[in-house]
Each structure stands twice: as structure tokens, then as C-alpha cells.
Amino acid sequence: MPLHPRIMSCYYQQPFARCAGLTACIVLTAFGHALPPKAEQHINDVLPSDVIVQCGKLIDGVSDEPVINKSVHVRGDRILRVIDRGIAPLGAEPKLIYDLSDFTCLPGLINTHVHFDSNPEDSVDYSIYARRTPDETLQLVLENAKTTLLTGFTTVRHVGAWFPDAVYQARNLIASGKAQGPRIQTAGPYLTIPGGGGDLTFPEISGEDIPAESQQGIASTPEEFAASAEAAIAAGADFLKVIASGAVFSVGAAPGAPEMTRADIEAVVAVARQHGKKVTAHVHSDQSGRDAILAGVDSLEHASLLKDMTIELAAAQEVAFSMDIYNGTYTDTIGREQGYPDIFLQRNTYTTEAQRVVFKKAYQRGVTLLYGTDAGVLPHHMGGWQFTTMIDRGMRPMDAIRSATSVAANHMGLGGDIGAVVSGRVADLIAVRGNPLEDSKTLRNVAMIMQAGVVVKMPVAD
Ligand SMILES: [Zn+2]
């Protein structure tokens, strides 16, 4: 997938000006104001277009500990190197130096479980999905993508959609620089049984009003699932998503009950392997978790009700979990106030605490954990809120950050390009005020965002 969504570049043309159309894009420090030159530490190959980001603290996404007083030297869309602060370039001056001495820099964050074609409040009345026009749906997807980027998430895994065509379109617009948002890997449609957790057949929507786009991934037999999987890949899916068990936001089977058979899931995995694609499985049910692991999927979403034996099996088979352990609180409070249907609230109560218990066990057992919030169920601007819950449930803060950076990037097959602030990677960089290892809430308020070398947001000078 393209890694260069060059949306717009402000600093090459207007290094000292507020940049129209961008959020708080302000240059803090021009070159030469902050760095005393040290003759013995010169860098000899700085270009006029280079950018230096001075970080008070740097969490590189890979290492166990942060480092202090480093500068990230960015050239074009890549990180050229990470250097000690105080090193002065020789010869041509970099165009800009951003002084973020009071901030902690991190890699751009990755959310591995989002749905840009949904907002949480849509759950009050699902008929909204039949009332939005295709253009309105595309605008919704683009709006949620932009919101996500502006909270520091520079890459996402889009794990199923009722409107897969809108998500393909948004992914391509962002990749070509025509829209602002995180780089997207999308699963395309949900692969699901009729009336299952990924089927948009709700009592509020009459049969003839169900959008055809939402029915692309519906299948009943292994042969039909294989055909749906082929069709999704032909349409542009980057990986595949199966709805193996019942869902919380569904009137189909209960979350604890299987919907797809092991043979159904195996059929999807076989197609994916032929095309070099991964498969992730929505499972709350323990039985579905086992079936999916034994069918050969690469990851499980939710994993809420898994028994210890299944967690062990996942660890042994190196199947990763993306566990949305914060949004249950949102649904139970704000969702309840907004009038979500009782069945959603009851199912949410059934899975929330159970999932948090499984999360702790999975972490202790060494299962690979990918940061994923179920954005769409959770508001898109709240991507950073889940870190606190993960840490409260026993995860080391640095491991929580790595689950949203290098660990997620590696799982997505992008580990050579993103997920770490090291030489040669794409320049996806964020900064927060303070120390996120001591206060994870700092990750809810990302002050600086750079995506592929392009400044998306900079803190306003005090
Ligand atoms: Zn989801």
C-alpha cells in the first residue's frame, strides 16, 4: 500500500506563518535560536528542506526505555536519523527546527480496530444506515478518518464495513493525497452469515431499504464464504474479516454463540492464503475462538469470553488479539443515556468485564496484543482513551504504547516502514506534553502530529 499520503506541505513555502487549512500549524523555533553549535559534532549532509524535531523525551516504539534530549532529523517523508540534541548541522541549514523540549515524542499511533462508516450514536436507530446517501456515507467516512488522524493515529486497520465501497474510496483518496486521514488497511465487507453480526438486516429497516452495498459479504456455506472472500479481495480488500460469533451490536446470535462453522472460516483462510492476505476473526464466543484459531486465522477481535485453554492455544499458535477493552464503559454510560436498544446494553454488560479479565490473562500469557478500540462503537476522537484501561488491567505502559506502534505495525506487515522512530522509517511522529509512561491520559491530547514528513498539527506557542 502507498505510504506517502502527502496531503499538503506548509513548511516548505511558509516556514514562519500559520498555515491555512491545518490545525495550529505554527513554527515554534527557527534554526539557530536554540542550538549552540558544537564543532566536533557537525552533521555534514543537511539539505535546506530538512526538518529537525527536538524532543524533550523520545519513546521510539521499540525500546524498553525512553531516551532524553534527542532530535529527529526528517528528510522528505522519511526519518533520516535520530541524533543527540546540541548537534549543529554544517553547511546548508535545515528549513525548520521544531522545539518540542517540553514534549514526549512517539511514533504515529496505530488503531487496529476501526469502522469509519459508523458513529456511536447511530446505534440508537440503525435505520440511519438506510437513510444516508452514498455521498453522505463517503463524507462520514472521510470525516471520521480526519478526526482519527487529528488525534494522533496515523494508520488504522479497518476491520469490516457495512459500506465497504466508501471505505475503499476513502482509503484511495487518502493514499493519493486528496483527503486527510490515516493510512488505511481495510477488510472490505464483513464476511458473515445471513442475520449474523455483520449483516445489516435490522427490524428498523424494511427489506427493500437494506443497502445492497452492505450485503456483499453474506454467505451460508464454505463455498459461498470462499466466493465472498474472493470478491472482497477482487474489490480491493487488504485483508479479510470474518464474523465468527454473535456480536454485541447485533440482533443475531448472542455474543457467546458461534455463527460461522470452522469449515466456513477455513474456506476464507484458504482464499486469503492464496492471495497472501491475513484474516482476522470477530469472536466473543470461546467455541468460535477455538474454531478460528484452528482454522488458521492471524488474529481475533474482542476475544471477550475465551477460556484459559483457548488463550493458551492462541499463544501457542501466535494468534494476536485486538481487544477493545475501554468502549464497554462508554456504551454503558453515554450509550445508555442516548437510548441504545436494551439488547445492545445487555450484551455489552455481558462482555465488558469478562473481556477485561481475558485481556489480563492474555497479556500475562504472552499473547501478542494489538491496540484496537472499536472506533465507531467508541467516538472517533477517543482513540487514545483505551491506554488507561489497558494499564489499569496490568499492562506495562511501554507495552501499551508498543501495542499501538511497532507491534501493530509488524502485525499489519508494515513493520519495516512505520511503528518506530528510527532511521529509515516513514516520518510518522507525534508528541504529547508530559510523560505518557507516568500519565497515560496525555495520549488523549496529542499536541503534534507529523504524517510521512508532513506536519498535520503543531502546538501553539505559549
Ligand atoms: Zn468492530
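As the structure is a prediction and not an experimental result, all values here were calculated from the model.

Conventions and cut-offs
Note that residues are indexed from 1 along each chain, following the sequence as it is written. The predicted origin of the model limits local features to residues at a pLDDT of at least 70 and limits the giving and counting of side-chain atom pairs to 80 or more, whereas totals for whole chains, interfaces and linings rest on all residues. Strands here are runs of E lasting at least two residues and helices are runs of H or I lasting at least four, both read from the DSSP assignment and numbered beginning at the N terminus. Fitting a line to C-alpha atoms yields each axis, with helices limited to the stretch in contact; the angle taken between N-to-C directions then spans 0 to 180 degrees. Relative orientations are named as follows: roughly parallel for angles under 35 degrees, roughly antiparallel for angles over 145 degrees, roughly perpendicular for angles from 65 to 115 degrees, and oblique for any other angle. Crossing handedness: left-handed means the near helix sits turned counterclockwise from the far one by under a right angle, and right-handed means the same turn made clockwise. Whether two residues are in contact is decided by their C-beta atoms, placed from the backbone, lying within 7 Å. In this classification, Asp, Glu, Lys and Arg are treated as charged, Ala, Val, Leu, Ile, Met, Phe, Trp, Tyr, Cys and Pro as nonpolar, and every other residue, Gly included, as polar. Expected span of a helix: the number of residues minus one, times 1.5 Å. Counting other C-beta atoms within 10 Å of a residue's own tells you its class, since 20 or more makes it buried, 12 or fewer makes it exposed, and anything in between is partly exposed; those C-beta atoms are placed from the backbone. Here, a strand pair is defined by DSSP locating no fewer than two bridges between the strands.

(A) Fine view of the environment of I265. Tracing the backbone shows I265 in helix α5 (residues 262-274). Distance from I265 to D291, taken between C-alpha atoms, is 7.9 Å for residues 26 residues apart in sequence.

(B) Examining the packing of helix α8 (residues 327-338) against helix α9 (residues 342-365) more closely. Taken N-terminus to C-terminus, the directions of α8 and α9 make an angle of 155°; their axes are 9 Å apart at the nearest point. Classified by the interaxial angle, the pair formed by α8 and α9 is roughly antiparallel. With respect to the hand of their crossing, α8 and α9 are arranged in left-handed fashion. Counted together, G328, T331, D332, G335 and R336 of α8 and L345, N348, T349, T351 and T352 of α9 form the full contact between these two elements. Residues that form the contact of α8 with α9 fall into these classes: 1 nonpolar, 7 polar and 2 charged.

(C) A look at helix α3 (residues 164-175). Given a rise of 1.5 Å per residue, 12 residues ought to cover 16 Å, and the 16 Å separating the end C-alpha atoms of α3 matches this to within 8%. Within α3, the full set of buried residues consists of P164, A166, V167, Y168, A170, R171 and I174. On its buried face, α3 sits against α2 (134-149), β6 (153-158), β7 (183-186) and α4 (222-235). Downstream of α3 by a residue or two, G177 has a phi angle that is positive, lying close to 80°.

(D) Spatial organisation of the sheet that holds strand β5 (residues 109-114). With parallel pairing, 3 strands are arranged side by side in an open sheet as β5-β6-β7. Only two strands of the sheet have a single neighbouring strand rather than two, namely β5 and β7. Taken over all neighbouring pairs, the strand axes of this sheet differ in orientation by 20° on average, direction set aside. The sheet contacts of α2 involve β5 and β6, and relative to β6 the element is tilted by about 135°.

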